[in-house]
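Survey of secondary and tertiary structure
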Amino acid sequence: MSSPTSIFSYDLASWDINSSSKNPSSHRPSFTNGTEESSPITLNQLIQKLPPLLHSQNTKLQQMSIQERIHFDTTIRGTDADAVNQLFGRLDLTKEECWKKYALFDTSKNYTRNLIATDDETFTLLLLCWNAGRESPIHDHPCDGCWVRLCQGRVRETRYESNDETHTLEVTS
């Protein structure tokens with residue numbers, strides 16, 4: 001039998017760029033010792049650092065042309081060049097006490113969304129707790145960004161693209 005899975009999910013509420021084509025969980029920044037920019041951070045530090053970073057990135061995005069924004073979304077977001085992804089990748093999840101208190105499972109649901117933090121403006125940080133062997137319906141994350149970190153367990157993700165000619169969804173990964 002599979003064990004339950006816990007996932008940190010960070011949803012960006014204020015951007016209007018679709019990030020569904022990226023796989024943020026597969027990109028991890030490399031760590032180099034000794035610098036603040038690469039050293040591991042705690043959950044509380046992530047919550048403190050996230051809003052100013054998002055405000056800064058959002059300001060830059062608003063100044064970009066549509067072509068620059070598309071470039072950012074398709075080539076930078078979710079990669080090592082993405083400052084939000086770098087910050088999220090530095091989150092030290094080895095100390096379970098930082099996130100276990102949020103790990104609440106409702107066995108009557110596929111997964112439980114547990115709120116960790118929000119600033120009610122730019123972000124919502126959730127701990128998604130999946131019951132073993134469960135899945136979600138096919139869905140997208142339009143008009144926002146989403147970064148994911150696995151705390152424990154395993155995740156299998158299937159990605160789809162819409163075929164406008166046949167009006168079907170095609171598996172891409």
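Just so it is clear, the structure is predicted and the values come from calculations on it, not from any experiment.

Here we come to the overall build of the protein. Helix and strand content of the protein: three helices and six strands. Seen in sequence order, the protein has helices and strands lined up from the N terminus as β-α-α-α-β-β-β-β-β. Residue burial in the protein is summarised as follows: out of 173 residues, 36% are buried. Within the structure as shown, the protein displays about 10500 Å² of accessible surface, and the carbon and sulfur contribution to it stands at 50%.

Turning our attention to the environment of Leu115. Its location among the elements puts Leu115 in strand S2 (residues 111-118). Setting aside residues up to four positions removed in sequence, Leu115 forms contacts with Tyr102, Thr124, Leu125 and Leu126.

Backbone geometry follows two general trends: most residues other than glycine have a negative phi, and most peptide bonds adopt the trans configuration. Even without a glycine there, the phi angle at Asp120 is positive, about 60°. One can find Asp120 in the loop between S2 and strand S3 (123-130). Backbone geometry at His167 places phi at a positive 55°, although glycine is not the residue there. Mapping His167 onto the fold places it in the loop between strand S5 (160-163) and strand S6 (168-171).

Glancing now at the pattern of salt bridges. Once the charged atoms of two side chains with opposite charge are near each other, the side chains can pair. Considering all chains together, one arrives at three salt bridges under this definition. A salt bridge links Arg77 to Asp73, with the shortest nitrogen-to-oxygen separation between them at 3.6 Å. By relative accessible area, which is 7% here, Asp73 ends up buried. In this structure, Asp92 engages Lys95 in a salt bridge whose closest nitrogen and oxygen atoms are separated by 3.7 Å. By relative accessible area, which is 22% here, Asp92 ends up partly exposed.

Moving on: the nonpolar core. Ranked by size, the top nonpolar core spans 21 residues in total, and within it Leu43, Leu46, Trp99, Leu125 and Leu127 carry the most contacts. Secondary structure elements with two or more residues in this core: helix H1 (43-63), helix H3 (83-89), S2, S3 and strand S4 (145-152).

Let's shift gears to helix H2 (residues 66-76). When H2 is considered as a whole, its buried residues turn out to be Arg69, Phe72 and Asp73. The arc enclosing the buried residues of H2, seen along the axis, measures out at 90°, which places them on a common side. Those residues of H2 that are buried are in contact with H1. Just past H2, the residue Gly78 takes up positive phi, approximately 80°.

The residue Thr107 is located in the loop between H3 and S2 in this model. In this structure Thr107 comes out as exposed when scored by relative accessible area, which is 65%. In the structure, Thr107 is positioned 25 residues away from Ala132 in sequence and 9.4 Å away in space, judged by C-alpha atoms.

What follows deals with the pairing of S6. Looking at chain direction, S5 and S6 are connected through four bridges and run antiparallel. Each bridged residue has a counterpart across the sheet, and for Asn163 the counterpart in S6 is Thr168. The antiparallel hairpin formed by S5 and S6 contains four residues in its connecting segment, where His167 sits at a positive phi of about 55°.

Our focus in this paragraph is the side chain of Thr112. Within the fold, Thr112 resides in strand S2. A polar contact is formed between the side chain of Thr112 and the backbone nitrogen of Asp106, at a distance of 2.9 Å. When residues no more than four places from it in sequence are discounted, the contact partners of Thr112 are Leu104, Phe105, Asp106, Leu127, Leu128 and Cys129.

A grouping of Ile138, Tyr160, Leu169 and Val171 is seen on the molecular surface, where their side chains present a nonpolar patch of about 390 Å² in accessible area. With respect to the helices and strands, the residue Leu169 is situated in strand S6.

What counts, and at which threshold
Residues numbered from 1 in each chain as written. Predicted model: local features only at pLDDT ≥ 70, side-chain atom pairs only at ≥ 80, totals over all residues. Heavy atoms only, no water. Helix = DSSP H or I, 4+ residues; strand = E, 2+ residues; numbered from the N terminus. Buried < 20%, exposed > 50% of the residue type's maximum accessible area, 1.4 Å probe, protein only. Areas by Shrake-Rupley, 256 points an atom, 1.4 Å probe, with all protein chains shown as cover. Contact = heavy atoms within 4.5 Å. Salt bridge = Lys/Arg side-chain N within 4 Å of Asp/Glu carboxyl O. Core = buried A, V, L, I, M, F, W, Y, C linked by side-chain atoms within 4.5 Å. Arc of directions from axis to C-beta. Pairing = 2+ DSSP bridges. Polar contact = N/O pair within 3.5 Å; in protein donor to acceptor, adjacent residues only side chain to side chain. Patch = residues over 30% accessible without salt bridge, like charges linked within 9 Å, V, L, I, M, F, W, Y side chains within 5 Å.

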